[in-house]
Structure formats: C-alpha cells, structure tokens
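One-letter residues, chain by chain:
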Amino acid sequence: MKKKLKEICTGFTKNIAQKELDDINGDYEIFGASGLIKKIDY
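Residue numbers run consecutively from 1 along every chain, following the written order of its sequence. Where local features are concerned, this predicted model is filtered to residues with pLDDT of at least 70; where side-chain atom pairs are given and counted, the filter is 80 or more; whole-chain, interface and lining totals use all residues. Only hydrogens and water are set aside; all other atoms, that is, all heavy atoms of the structure, feed into the side-chain values.

Asks: Explain the overall build of the chain here, please?
Replies: In terms of regular secondary structure, the chain is built from one helix and two strands. Its C-alpha atoms give the chain principal-axis dimensions of roughly 40 × 20 × 15 Å. Think of it in three bands: residues with accessible area under 20% of the maximum for their type are buried, residues over 50% are exposed, and the middle band is partly exposed, with areas taken using a 1.4 Å probe on protein chains only. Sorting the 42 residues of the chain into buried and exposed places 10% on the buried side. Intrachain contacts of the chain at a sequence separation of at least 6 include 3% that bridge at least 24 residues. By element, 50% of the accessible surface of the chain is carried by carbon and sulfur atoms, the whole surface being about 4300 Å². Looking at the chain, you have 8 positive and 7 negative side-chain charges, and the mean spots of the two groups are 12 Å apart. Numbering of helices and strands runs from the N terminus; a helix is a DSSP stretch of H or I covering at least four residues, while a strand is a stretch of E covering at least two. Contacts are assigned to residue pairs with any non-hydrogen atoms lying within 4.5 Å of each other. Shrake-Rupley sampling with a 1.4 Å probe provides the accessible areas, and residues are treated as covered by the protein chains on show and by no other component. Counting rule for charge: Lys and Arg are taken as positive, Asp and Glu as negative, and neither His nor the chain ends is counted. For the purpose of locating charges, the reference atoms are NZ of Lys, CZ of Arg, CG of Asp and CD of Glu.

Asks: Hey, could you run me through the environment of Gly32 in this one?
Replies: By secondary structure assignment, the location of Gly32 is in strand E1 (residues 28-32). On the accessibility criterion, Gly32 (31% relative accessible area) is partly exposed. As a C-alpha pair, Gly32 and Leu5 span 27 residues in sequence and 22 Å in three-dimensional space.

Asks: Help me understand the pairing of E1, please; the structure alone is not making it clear to me.
Replies: Remark: a regular strand shows side chains that alternate across the two faces of the sheet. One requirement defines pairing of two strands: DSSP has to find at least two bridges between them. Sheet analysis places E1 next to strand E2 (residues 35-40), joined by five bridges and oriented antiparallel. Along E2, the bridge assignment pairs Glu29 with Lys39. The turn linking E1 back onto E2 is made up of two residues.

Asks: Help me understand the environment of Lys38 in this model?
Replies: Tracing the sequence through the fold places Lys38 in strand E2. Separated by eleven residues in the primary sequence, Lys38 and Asp27 have C-alpha atoms spaced 9.2 Å apart. Dropping the residues within four chain positions of it, Lys38 is found in contact with Leu21, Asp22, Ile24, Asn25, Tyr28, Glu29 and Ile30. Pairing of N or O atoms within 3.5 Å defines a polar contact, subject to two protein rules: one partner must be a possible hydrogen donor and the other a possible acceptor, and residues neighboring in sequence count only if both atoms are side-chain atoms. Separated by 2.7 Å, the side chain of Lys38 and the backbone oxygen of Ile24 make a polar contact. Separated by 3.5 Å, the side chains of Lys38 and Asn25 make a polar contact.

Keep in mind these values describe shape, not function.
Structure (structure tokens):
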C-alpha cells in the first residue's frame, strides 16, 4: 500500500541562523540555497 509523505510525516520549518549551528553536530542534514550546510542533532 503506497502512502504519501504527508500521511506519515508532519512538516516543520524554522529559521535558523548559520552561526547558531557552529557547535552542533548530528545525523540530520540542514540545507541552504547553495546545498548542504551541515548535519545537526535535532
């Protein structure tokens, strides 16, 4: 049975300044207009 992504996930957006990410590392990718910025833990 196929499901649409919106049926199993909740959308979320947040404005994050890149300088706030300096000391954070993890498994989740953060993308900007030019591509991958870094991976964070939340």
